[in-house]
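A look at the structure
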Amino acid sequence: MERRLTAILAADVVGYSRLMGTDEAGTLARLKSLRGEFIDFKITEHQGRIVKLTGDGILAEFPSVVSAVACAAEMQRGLRERAAETPADRRIEFRIGVKLGDVIVEQDDIYGDGVNVAVRLGSLAAPGGIVVSQSVRDHVGNRLDVTFEDGGEQNLKNIKKPIRVYSVRLEDLDFADTASMKNSRPSIVVLPFSNMSGDPEQEYFSDGITEDIITDLSKISGLFVVARHTAFTYKTKPVKVEQVGRELGVAFALEGSVRKAGARVRVTAQLTGATTGGHVWAERFDRDLTDIFAIQDEITHAIVEQLKVKLLPQEKKLIGESPTLNVEAYTYYLRGRDFLYRYSKRYFELARRMFTKAIELDPNYARAYAGIADCDAFLYMVYQVDVPLEGILDISAKALALDNKLAEAHTARGVALSAARDFDEANTEFETALTLDPNSFEAHFLYARPAFQQGKIARAAELLERASEINSADYKPPALLIQMYRSLGRDSDAKAAARTTVELGERELVLHPEDPRPAVAGALALLELGEKDRARDWTTRAQAIESEDPISLYNIACVYSHLGDSDAAFDLLERVTQNGRQFWRDWIENDSDLDGVRNHPRYAQLLMLLNERTSDFPTK
């Protein structure tokens, strides 16, 4: 069974039954003429392929997302011009949906969720309009003469998970009155609360409060809440609420500040209309630090009350639950989470200390157990530290036992099972995490790695695309996507991901000049773009920053593979794999960045040596 990732265009005629009832012969003749003289030509012009025609519909696929949207836009513009002289009751108009998705190929036909979602997206469009998924919108970016209007998350018929959708605005074509695209739920972004403590080290605390308010609001089905990582792209940026509202397509914004001093905390919060800039609600809380959970709860309920959102009984219970009642444990957890997100050996070790302290203060703190499991699993797999595998599994199981509705716990369990190479069970845990929190960057990003290890490259690419949508400021997902796209034959997408990686890598190096990984990721991206000299400069910079980090060493080996220096590549790969974890073998076997050295005699020798080393390690 063949599968591939493709851009899918689904179009259908608006009011087809009415048109056929009024003038069957005339409708069929006009439709045939439009297809033969215009639509088929446009699809072919953009390297598309018509998969099938139905009475009122067209299904086509394209090798490029940009080509699919460009074709859809030109189709709608051309159809609008052709319909100008036609009476409204006889006018043929199409709705179009575009989705990037994994499909099953059977002879000349394609099947799968990607096709189903494209059709459902088309049903949301206005007559003469186009609706696309978020991954399509992000791939197109500013490369076409169109703009995108956020339609929020939509529940599509027979599709399990909500899909974030965008309508395509074609110059003067007005989608403002499209009832089907209006999200009936109030929409809100929680902007990062400012740290007013005068101590940069307290940044983790204000960020943690922001994240927890987002988490609580996201539990309310009557609200659309912008994901945490998207909201945090505005951190430290001098933006106006109206601008944020336009860019994110939300009606309200919550802003605030936190000042923590000793045993006291001051939190300010204000809710603003994102279209008008007018204040809806504001409050200042001067409390003991032990009241921080009550403050968060009051802010959440104030928003619910002001936006007149109805809480379901289970939602009232969920937002009233605190992950811990020990504020000191909470403080240690927030600091640990801040370290964990930096994904390096030093920070994993620091994060583990913080999570361990949190558990000493509250032995029933599920999030802290999940954090320890994440740290230990990565120290075991990537950094090859001698951490007992059974201990990692036990700690992740403990997190789930304490709270089996916690997406973080299921993600941690998935990571732990991946370390034990129990991939079937790991996949189940990751899927559960995604169901519980569809906006979790960590669940998508961490799931992509074992998917790749299993050789499920299309699935890994899909997960990384979603991770990149959730956190568009992180260089790691597009950096990994370069070689995924290359393996899938999506060369134009690989180059687009490379350009994004270079841009984000440069920004990350300014923020964290001590981290070599964005430099070496940028070097691989520059090689994809054909800029060998710059790639060598970035590699030299990475080596100057850090000479022992295995992720950096592995990626520098990939650079040498591209440059044709096989011996230098194998010298580094042997250093990376010296302790014999199977994790690195999976990457060496599947990574297209190493295609340049696979025919070298040392490649077979390295795999043979890894087989001998890994045979002594338990798999479960």
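All of the points below concern the structure found in this document. (Residues numbered from 1 in each chain as written. Predicted model: local features only at pLDDT ≥ 70, side-chain atom pairs only at ≥ 80, totals over all residues. Heavy atoms only, no water.)

**Some words on the overall build of the protein chain**
Looking only at helices and strands, the protein chain has 26 helices and 14 strands in total. Here the C-alpha radius of gyration of the protein chain, 26 Å, is about what a compact globule of 620 residues would show, namely 25 Å. For the C-alpha atoms alone, the extent of the protein chain along its principal axes is close to 75 × 70 × 40 Å. A buried classification covers 57% of the 620 residues belonging to the protein chain. Long-range pairs, those at least 24 residues apart, make up 66% of the contacts in the protein chain between residues at least 6 apart in sequence. Of the charged side chains in the protein chain, 77 are positive and 95 negative, and the gap between their average positions amounts to 2 Å. (Helix = DSSP H or I, 4+ residues; strand = E, 2+ residues; numbered from the N terminus. Rg over C-alpha atoms; globule rule 2.2 N^0.38 Å. Buried < 20%, exposed > 50% of the residue type's maximum accessible area, 1.4 Å probe, protein only. Contact = heavy atoms within 4.5 Å. Lys, Arg positive; Asp, Glu negative; His and termini not counted. Charge placed at Lys NZ, Arg CZ, Asp CG, Glu CD.)

**Re empty space enclosed by the protein**
Summed over all chains, the structure comprises three cavities of 30 Å³ or more. Quantified by volume, the largest cavity comes out at close to 450 Å³. Those elements that place two or more of their residues in the lining of the largest cavity are α17 (441-453), α19 (476-487), α21 (517-528), α23 (550-563) and α25 (582-590). Take the lining of the largest cavity: its biggest share by element is six residues, from α19. In the lining of the largest cavity, the residues fall into 18 nonpolar, two polar and six charged. The space that makes up the second largest cavity amounts to roughly 70 Å³. (1 Å grid on protein atoms, 1.4 Å probe; cavity = no way out; pocket = protein on both sides within 12 Å on 5 of 7 lines; lining within 4 Å. Points joined across faces, edges and corners; volume = space filled by probe spheres on them. Nonpolar A, V, L, I, M, F, W, Y, C, P; charged D, E, K, R; others polar.)

**Considering the side chain of asparagine 471**
Relative to the helices and strands, asparagine 471 is located in the loop between α18 (457-470) and α19. For asparagine 471, a relative accessible area of 9% puts it in the buried group. In this structure asparagine 471 touches His229 and Phe441, once residues within four positions along its chain are discounted.

**Some details on the nonpolar core**
Counting residues in hydrophobic clusters, the biggest one holds 156 residues, and the most contacted among them are Phe205, Leu254, Ile292 and Ile299. The element best represented in this core is helix α13 (residues 366-381), accounting for twelve residues. Filtering out sequence-adjacent residues up to four positions away, isoleucine 299 remains in contact with Ile213, Leu254, Val267, Ala269, Trp281 and Phe285. Membership of the second largest hydrophobic core comes to 37 residues, among which are Ala7, Leu9, Leu34 and Ile39. (Core = buried A, V, L, I, M, F, W, Y, C linked by side-chain atoms within 4.5 Å.)

**Some details on the pairing of strand β2 (residues 49-53)**
The pairing of β2 with strand β3 (residues 57-62) spans four bridges and is antiparallel. Considered in β3, the bridge of arginine 49 is made with glutamate 61. Here β2 folds back onto β3 in antiparallel fashion, the turn holding three residues. (Pairing = 2+ DSSP bridges.)

**A look at the packing of aromatic side chains**
Counted under the stated rule, the structure contains 16 aromatic pairs. Consider the rings of phenylalanine 441 and phenylalanine 445, whose centres lie 5.4 Å apart with planes at 10°: the pair is stacked. You can see phenylalanine 441 and its partner phenylalanine 445 sitting in helix α17, four residues apart, about one turn around the helix. Across this residue pair, the class does not change: phenylalanine 441 and phenylalanine 445 are buried. With a centroid separation of 5.0 Å and 35° between ring planes, the pair formed by tyrosine 554 and tryptophan 584 is classed as tilted. Placement of the pair is tyrosine 554 in helix α23 and tryptophan 584 in helix α25, with a sequence separation of 30 residues. What makes tryptophan 584 buried here is its relative accessible area of 4%. (Phe/Tyr/Trp six-rings, centres within 6.5 Å; stacked < 30°, edge-to-face > 60°.)

**Remarks on helix α15 (residues 407-419)**
Here α15 is 13 residues long and its end C-alpha atoms lie 18 Å apart, about the 18 Å a rise of 1.5 Å per residue gives. Burial analysis of α15 places twelve of its 13 residues in the buried class, the great majority of the element. For α15, the complete set of buried residues consists of Ala407, Ala409, His410, Thr411, Ala412, Arg413, Gly414, Val415, Ala416, Leu417, Ser418 and Ala419. In the core, the buried residues of α15 are packed alongside α13, α14 (389-402), α16 (423-436) and α17. (Expected span 1.5 Å × (residues − 1).)

**Thoughts on the pattern of salt bridges**
Pairs can form between side chains of opposite charge once their charged atoms are near each other. Under the counting rule described, the total for this entry stands at 42 salt bridges. Two residues, glutamate 149 and arginine 169, come together in a salt bridge whose shortest N-O distance is 2.2 Å. Taken together, the residues span a long stretch of sequence, with glutamate 149 in strand β7 (residues 147-154) and arginine 169 in strand β8 (residues 163-169) at a distance of 20 residues. Between arginine 421 and aspartate 586 there is a salt bridge whose closest N-O contact spans 2.7 Å. Separated by 165 residues along the polypeptide, arginine 421 in the loop between α15 and α16 and aspartate 586 in helix α25 bring together distant segments of the chain. (Salt bridge = Lys/Arg side-chain N within 4 Å of Asp/Glu carboxyl O.)

**As for the packing of α21 against α23**
Relative to each other, α21 and α23 sit at 20°, their axes nearing to 9 Å. Judged on the interaxial angle alone, α23 and α21 are roughly parallel. The element α21 and its partner α23 pack so that their crossing is left-handed. For the pair α21 and α23, the contacting residues are Arg517, Val520, Ala523, Leu524 and Leu527 in the first and Ile551, Ser552, Asn555, Ile556, Cys558, Val559, His562 and Leu563 in the second. Residue composition of the contact of α21 with α23, by class: nine nonpolar, three polar and one charged. (Axes fitted to C-alpha atoms, helices over the stretch in contact; angles between N-to-C directions. Parallel < 35°, antiparallel > 145°, perpendicular 65-115°, else oblique. Left-handed = near helix turned anticlockwise from the far one by under 90°.)

**Side note on helix α20 (residues 491-511)**
A rise of 1.5 Å per residue sets the reference length of α20, with its 21 residues, at 30 Å; its end C-alpha atoms lie 30 Å apart and thus fit the reference within 8%. Taken residue by residue, α20 has Asp493, Ala494, Ala496, Ala497, Ala498, Thr501, Val502, Leu504, Gly505, Glu508 and Leu509 as its buried positions. Buried residues along α20 sit against α5 (134-140), α19, α21 and α22 (532-545).

**Examining the packing of helix α11 (residues 327-340) against helix α12 (residues 345-361)**
Between α11 and α12, the least distance of the axes is 8 Å, while the angle of their chain directions is 165°. Looking at the two axes, α11 sits roughly antiparallel to α12. As α11 runs across α12, the sense of the crossing is left-handed. Contact residues: Glu328, Ala329, Tyr332, Tyr333, Arg335, Gly336, Arg337, Phe339 and Leu340 in α11; Tyr347, Phe348, Leu350, Ala351, Met354, Phe355, Lys357, Ala358 and Leu361 in α12. By residue class, the composition of the contact of α11 with α12 is 13 nonpolar, one polar and four charged.

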